[in-house]
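# Results of the structural survey
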Number of protein chains: 4
Amino acid sequence: MSFNTFGRIFTVTTWGESHGPALGATVDGCPPGISLTESDIQPWLDRRRPGQSKLTTQRQEPDQVRILSGVFEGRTTGTPIQLMIENTDQRSRDYGDIAAAFRPGHADITYWQKYAIRDYRGGGRSSARETAARVAAGGVARAVLRQLAQQLTITGYMVQMGDLVADRARFDFAEIDRNDLFLPDAAAVPEWTAYLNEIRKAQDSIGAVIEVTIRGCPPGLGAPVYAKLDTDLAAAMMSINAVKGVEIGEGMTAARLKGTENADEIRMGPDGPVFGTNHAGGILGGITTGQDIVMRFAVKPTSSILTARRTINQAGEEIDLITKGRHDPCVGIRAVPVAEAMAACVILDHLLLDRAQTGGVRGRIGSAGEAGGRE
Amino acid sequence: MSFNTFGRIFTVTTWGESHGPALGATVDGCPPGISLTESDIQPWLDRRRPGQSKLTTQRQEPDQVRILSGVFEGRTTGTPIQLMIENTDQRSRDYGDIAAAFRPGHADITYWQKYAIRDYRGGGRSSARETAARVAAGGVARAVLRQLAQQLTITGYMVQMGDLVADRARFDFAEIDRNDLFLPDAAAVPEWTAYLNEIRKAQDSIGAVIEVTIRGCPPGLGAPVYAKLDTDLAAAMMSINAVKGVEIGEGMTAARLKGTENADEIRMGPDGPVFGTNHAGGILGGITTGQDIVMRFAVKPTSSILTARRTINQAGEEIDLITKGRHDPCVGIRAVPVAEAMAACVILDHLLLDRAQTGGVRGRIGSAGEAGGRE
Amino acid sequence: MSFNTFGRIFTVTTWGESHGPALGATVDGCPPGISLTESDIQPWLDRRRPGQSKLTTQRQEPDQVRILSGVFEGRTTGTPIQLMIENTDQRSRDYGDIAAAFRPGHADITYWQKYAIRDYRGGGRSSARETAARVAAGGVARAVLRQLAQQLTITGYMVQMGDLVADRARFDFAEIDRNDLFLPDAAAVPEWTAYLNEIRKAQDSIGAVIEVTIRGCPPGLGAPVYAKLDTDLAAAMMSINAVKGVEIGEGMTAARLKGTENADEIRMGPDGPVFGTNHAGGILGGITTGQDIVMRFAVKPTSSILTARRTINQAGEEIDLITKGRHDPCVGIRAVPVAEAMAACVILDHLLLDRAQTGGVRGRIGSAGEAGGRE
Amino acid sequence: MSFNTFGRIFTVTTWGESHGPALGATVDGCPPGISLTESDIQPWLDRRRPGQSKLTTQRQEPDQVRILSGVFEGRTTGTPIQLMIENTDQRSRDYGDIAAAFRPGHADITYWQKYAIRDYRGGGRSSARETAARVAAGGVARAVLRQLAQQLTITGYMVQMGDLVADRARFDFAEIDRNDLFLPDAAAVPEWTAYLNEIRKAQDSIGAVIEVTIRGCPPGLGAPVYAKLDTDLAAAMMSINAVKGVEIGEGMTAARLKGTENADEIRMGPDGPVFGTNHAGGILGGITTGQDIVMRFAVKPTSSILTARRTINQAGEEIDLITKGRHDPCVGIRAVPVAEAMAACVILDHLLLDRAQTGGVRGRIGSAGEAGGRE
């Protein structure tokens, strides 16, 4: 049991602080023989990297990943994979003035109260820098999934920012990587960009909702009752910095629905069961149905803003604090690749768990259907 | 790693099916010397028990808990506590007709696909019956918390049912146990009751939102970054049957907020830090601030309804299915004591984890405040 | 993490005290679709049961196991299997006189010091009664292994008692179940029996060495470096009551050997590698070679004897104590079925772990043998 | 659950291969506020480092440790501590000739069979190089123990090499670090050194028995029944490369003892219970008594020798193999600091587990002694 590990078989332990010499992820339980090099991981890190537009922090981090173990001659060996990213642009001077102050909305005060010591530089362990290690680990998970579940795709995108809500009728996943907001709607980009620039100029920040769709996931993944796939996905999303809510399928809206509206009816298709709707978000009883897995999570607005806020310091003195430094006006944007990476790790973990317990055998439908019919 | 265990030090492993001889919970890691008898646990089970009003299933289950181990002369010994509840009212005949059919919105089809075998009687392992074991384990956790954190209270209640949303201005926790809906608003009970009766008569069901407030929780609980308290609470709530969304503090609404609105400002009070607001829901960076912990979750409408739904059976034949039997028109009601029990287990677990790692030492605020100042 | 759980995927959590109402095992991670009834488990419990001869305690325990969950229509469902054994012959009066005294060589004093409370009846949780639950869980593991690894056999037997050491030249596994000592040498039974009777009449007890041989175990089981198969087997054996030493292959004798003597040479046989010797005990680098796995463990003499011993009580008074009651003159005898059961659980666990990580793919030998050649 | 992690609260995950760019340990669950710098860890690595005498491999490894995270301004922060050791002297050419051959007595063949790929350079993950990471993690554990258990000392030493057995009558722990063999007997050093040099010149190697004594360990550590302290210690020792047997207290010799000889009698001393003997090795029922913890383990002779051995290669061809390179004639010597480090981690882990479950409360002896008396 490690506080900094997630996963059951495919385990990821992240380590490192925002302004330490380096951070990274120790990945264990990876299947052997998988083709893997830094070039399989780096693109995902580049996608998350800040400093690419005015819409994210100007902090420059090359975020170059190095594989220190677990890979031999370009393939995984089944031993732990150590992924290290050196911190190059630390600018500690940005943070000196808050060494003994607690930024409102930040973990400064809780880390201090819990540990009676904290690395105040850039939030230390609680910094969003930590998510770079998750993205690197997700790159390993994706490399494995490419071999174990070729049909599977994991796509994250923004569906809400402040009061702006994306129009599903116009969704086109091909657009997501063509704009800085990970918006699946090209037409909306100018308006959303202008809106975010206003927020930024007002020295403020804004929240967002990110959605992740997993396509081509086989049925039967998930282990009731406390290792349900939705349980593990919810934990993974909630563990991301600044996330305050998680939804699967209808999510909170399910509270407004009637049983006659919510339950997805089933019909028989040429290749097996076909569901008429997907209110469940691809998961029933914690196990995948084979439909798209659809989840959303809300990211609160960045707490580090250039507007003065009332707070206290370690001496108990009341102060007004402006958090200088380079911050995202909408930290939800960079949560997109992080959520994809977490989802990749969770899905792979359950693929491995499933082959451990069931060997991948599946119940037959459309045959005599007697109890225990196996495919 | 067990699929059916939750918790890290205070671990709860539930077992049993809806229509097997018994179900229960194996509780390990409980501190020794805690006063505990069945009478400490039974009231919580009685509170959850169905068959108490027309608003919940008429199924009669005495749900009598027995302590089979881990308690000697009325006090815990530090060894595993086995809690067993025998299933007395099984009525298997109610379920024979769906032995080979997949109820829409249920885990029937996913259990079948995953395991190629399923106990179809009452949903087997996926039945809400399993939550009785959680409530029993929660009773143990509450007995320990009564000794380790006397100030702490855990209160669950309904805040939304379908389109009815409770009016916070009228909340009175004292009312919650005075009505069958766990509503904190006495004045709203008649309307909500009538609404639910309409749903029931229409042979339909409805979703709900449950809120849990934890008061008197000390600061410093939670272990970043993957054992964050909100991460563990979200997983616990999401693991409850029919839950589709989980929120902490502002939850999904955080997406609509600006940084200037969301970050809770801090002032110094006589006994330590005082927060002006609680958008964070009592948790920052995964660690408690000492404010109320506030979380909500959405429960989908019961899928078992007396209205015919289109589905298939194991033979792949398309059928129309009416789920006979005795079902809750709003399963969210009974989720209230379950959520409280899960919350009690998670909070206790983190109390034990915290004294393991920090020994309960806390950072001093209001002193010289030098790094490492300890209370 | 549960103190009372062993295993990683196939997990066994035992619960219960010697004189409580019942004890048992919660088994999780069992593959679905395995034929299983009480009759698959009971014979193993009967084999362990005391009261069968003068050589073991006369305490009468039917040790009837009941399956309370996880099995439907005679086959496992993939959900937790609860195994319960009720305690019927408790004779608490035997133990009243030591309620506040610490029996030398027993856990009485350590449980008291750790927990400040203990169930003194028959040793409570530290009683060998707990091993009945292990044997029941082992019965489940064997039922699974019968399907997943048909060739595999697990055989435990006594190789030393006091100064008597069995003669390997005369070993015949067929004899093991034909005598009360689990001796693989029929000719030695009379002498060993007489020796043990002398010990018993002298109101004394004696230690023993038990050996377990696992045949037909496929190569490739074991997960370096801290989940090595020999590591998990050593932990399993050491967790058995009264065990003080564990050996794999040459064991402690390896200290006397030279490299030229110890390393098992390899030659190529028709079906793959053939080892000239088996000093390694079937495990290299924590992974099975395909040879017999051979391990031994030493069991100390029963501490409960009818001879007075000097000790103290909770009041700190010095007393002389005779442990009345019905005790084994050689507790090592009953450790044989327990060790087999533990071994079955560990081997199954690693079979499941291996198919999770490698999918059961094996490296090819005897082909071109290029890196990554797969069978 | 990670294959490469040990510990429950204080967890250590080692990573890295013999000839990769680096190896290290990810340490989680470390208490905050502990003074820690590289200089607290380096001396333990230097003590283990090869190339210091003719009696260990001439391979030159500076083994410089770097702390990459979890420490701020010289004190631990409670976040993961990443310890990295770069591999500087790799000499891959030494190993090219065995790239496709299986060295007898090594994990070459089992890694190949399991993973169908292996880093053949210096044994890759199965190399004794991995133990450098354990020693580094042990340095962290010792720094914490220095604060949490000042009285506690952990001392490892050699007690047997081949047929040479140390004379306990002459033991003097002060001598251990004054010779290259970690012998507690200065007078024996010349004879043992000469014996080992003969082995080396004969291009052979020899086994050894290492003993570890832990003094000043408080009573009450250990968590029955599968997290017993002796169980965790046995697993820790057995996980060390080349270890084939583990003993606690009397160990395998317990099989020869009678109950009247083995059980340690108890008397009352001025400061609490006093045991007349220590056959138990300081542990009863898996929990410490407060006596010295005494354990031993056997290390097989180095399998890499300059004498030709018969084996096969991946092509299945039968070959004779001489393992060139620089090898320890007695790998047991370097196992001493490794065993000490593992013991330090296990003891600290149980100290933290104990304060989680019991809060460090202890049962009172010598008072009224009523059940539940607490100190």
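None of these values were measured; they are calculated from a predicted model. (Residues numbered from 1 in each chain as written. Chains lettered and ligands numbered in written order. Predicted model: local features only at pLDDT ≥ 70, side-chain atom pairs only at ≥ 80, totals over all residues. Heavy atoms only, no water.)

All right, on to the relation of the copies chain D and chain B then. Rotating chain D by 180° about the axis while translating it 0.0 Å along that axis superimposes it on chain B, leaving an RMSD of 0.0 Å. Interpreted geometrically, this transformation is the action of a two-fold axis. Judged by C-alpha distance, D:Ala356 is the residue of chain D that lies nearest the rotation axis, at 2.2 Å. Taken together, the interface assignments show that 100% of the residues at the interface of chain D recur at the interface of chain B, consistent with an identical surface on both copies. (Least-squares fit on C-alpha atoms with pLDDT ≥ 70 in both. Contact = heavy atoms within 4.5 Å.)

With that settled, consider the relation of the copies chain D and chain C. Under the fitted operation, chain D is carried onto chain C by 0.0 Å of movement along the axis and a turn of 180°, and the coordinates agree to an RMSD of 0.0 Å. Most of the interface of chain D is mirrored in chain C, where 100% of its interface residues again form contacts.

Moving on to the packing of aromatic side chains. By the definition in use, this model includes 20 aromatic pairs over all chains. Judged by centre distance (4.8 Å) and plane angle (70°), the ring pair of C:Tyr226 and D:Phe6 falls under edge-to-face. Here the residue C:Tyr226 occupies a position in the loop between strand E10 (208-215) and helix H5 (229-238), and D:Phe6 occupies one in strand E1 (residues 5-6), the pair thus bridging two chains. Across the pair, exposure class does not vary: C:Tyr226 and D:Phe6 are buried alike. Aromatic side chains D:Tyr157 and D:Phe171 sit 5.8 Å apart centroid to centroid with 80° between the ring planes, which places their arrangement in the edge-to-face category. Here D:Tyr157 is found in strand E8 (residues 153-161), whereas its partner D:Phe171 is found in the loop between strand E9 (164-165) and helix H4 (189-201), with 14 residues between them in sequence. Ring pairing ties together the aromatic residues A:Tyr157, A:Phe171 and A:Phe173, which thus form one cluster. Above the plane of the ring of C:Trp44 lies C:Arg142, whose end atom (NZ or CZ) is 3.7 Å from the centre. (Phe/Tyr/Trp six-rings, centres within 6.5 Å; stacked < 30°, edge-to-face > 60°. Helix = DSSP H or I, 4+ residues; strand = E, 2+ residues; numbered from the N terminus. Buried < 20%, exposed > 50% of the residue type's maximum accessible area, 1.4 Å probe, protein only. Lys NZ or Arg CZ within 6 Å of the ring centre and 35° of its normal.)

Now for the interface of chain D and chain C. Across the contact, 125 residues belong to chain D and 125 residues belong to chain C. Here chain D meets chain C over a buried area of about 10,100 Å², counting both sides, of which 58% is carbon and sulfur. As a salt-bridge pair, D:Arg267 and C:Glu318 come within 3.5 Å of each other at their nearest N and O atoms. Summed over the shared surface of chain D and chain C, the result is 66 residue pairs in polar contact (both at pLDDT 80 or more). The element that contributes the greatest number of residues to the side of chain D that touches chain C is helix H2 (residues 108-115) of chain D, accounting for seven residues. Grouping the amino acids of the side of chain D that touches chain C by side-chain chemistry returns 58 nonpolar, 41 polar and 26 charged. (Buried area = accessible area lost by both parts, 1.4 Å probe. Salt bridge = Lys/Arg side-chain N within 4 Å of Asp/Glu carboxyl O. Polar contact = N/O pair within 3.5 Å; in protein donor to acceptor, adjacent residues only side chain to side chain. Nonpolar A, V, L, I, M, F, W, Y, C, P; charged D, E, K, R; others polar.)

This part is about the UniProt feature "binding site: NADP(+)" (unreviewed entry) in chain A. Residue and element names in this part refer to chain A. Here the UniProt-annotated "binding site: NADP(+)" (unreviewed entry) positions come out as Arg48 and Lys54. Structurally, the position occupied by Arg48 is in helix H1 (residues 38-48). Discounting residues that sit within four places of it in the chain, Arg48 has contacts with Asp63, Ala128, Arg129, Thr131, Ala132, Val135, Arg334, Pro337 and Val338. A distance of 3.4 Å separates a polar atom in the side chain of Arg48 from a polar atom in the side chain of Asp63. (UniProt positions renumbered as here; feature names shortened; annotations may be inferred.)

All names here are of chain A. When the UniProt feature table is mapped onto this chain numbering, "binding site: FMN" (unreviewed entry) sits at Arg125, Ser126, Ser127, Asn241, Ala242, Gly285, Lys300, Pro301, Thr302, Ser303, Ser304 and Arg326. Checked against the element boundaries, Ser127 lands in the loop between helix H2 (108-115) and helix H3 (130-148). Residue Ser127 is classed as buried on the basis of its relative accessible area, which comes to 9%. Setting aside residues no more than four positions away along its own chain, Ser127 makes contact with Ser18, Gly122 and Asn241.

Further remarks concern the interface of chain D and chain B. With 19 residues of chain D at the interface, the matching set in chain B holds 19 residues. Both sides together, the interface formed by chain D and chain B hides about 1,400 Å², and carbon and sulfur atoms give 50% of it. Along the contact surface separating chain D from chain B lie zero salt bridges. In this assembly, chain D and chain B are joined by nine residue pairs in polar contact (both at pLDDT 80 or more).

This next bit is on the environment of C:Gly156. All names here are of chain C. Inspection of the secondary structure puts Gly156 in strand E8 (residues 153-161). Judged by relative accessible area, which is 0%, Gly156 ranks as buried. Linking Gly156 and Asp320, residues 164 residues apart in sequence, is a C-alpha distance of 37 Å. If sequence neighbours within four positions are ignored, Gly156 has contacts with Arg47, Ile176, Glu211, Val212, Val336 and Glu340.

What the rule picks out here adds up to 96 salt bridges over all chains. B:Arg47 serves as the salt-bridge partner of B:Asp177, at 3.0 Å between the closest nitrogen and oxygen. One end of the pair, B:Asp177, is in the loop between strand E9 (164-165) and helix H4 (189-201); the other, B:Arg47, is in helix H1 (residues 38-48), and 130 residues separate them in sequence. A residue is classified by how much of its surface remains accessible, and B:Asp177, at 54% relative accessible area, is exposed. Through salt bridges with shared partners, a single ionic network connects A:Arg47, A:Arg142, A:Asp177 and A:Glu340.

Trans peptide bonds make up the majority, and among non-glycine residues the majority have a negative phi. Of the consecutive residues A:Pro224 and A:Val225, the connecting peptide bond is found in the cis state with omega at 5°. We note that C:Ala242 has phi near 75°; this positive angle belongs to a residue other than glycine. In this fold, C:Ala242 is placed in the loop between H5 and strand E11 (243-248). With relative accessibility at 22%, the residue C:Ala242 sits in the partly exposed group. Positive phi is not limited to glycine here, since D:Gln203 has a value of about 55°. As for its position among the elements, D:Gln203 is in the loop between H4 and strand E10 (208-215). Overall, D:Gln203 belongs to the partly exposed group, its relative accessible area being 37%.

On to the sheet that holds E1(D). All names here are of chain D. Here we have five strands laid out as an open sheet, ordered E1-E2-E3-E7-E4, and antiparallel in their pairing. Both outer strands of the open sheet, E1 and strand E4 (65-67), are each paired with one neighbouring strand and no more. Of the pairings in the sheet, the one linking E1 to strand E2 (residues 11-16) comprises two bridges and is antiparallel in character. Bridging from a neighbouring strand, Thr5 pairs with Thr13 of E2. Contacts from helix H1 (residues 38-48) reach E4 and strand E7 (81-86), with the element oriented near 155° to E4. In the packing of helix H3 (residues 130-148) onto the sheet, contacts are made with E2, strand E3 (22-28), E4 and E7, and the angle to E3 comes to roughly 35°. (Pairing = 2+ DSSP bridges. Axes fitted to C-alpha atoms, helices over the stretch in contact; angles between N-to-C directions.)

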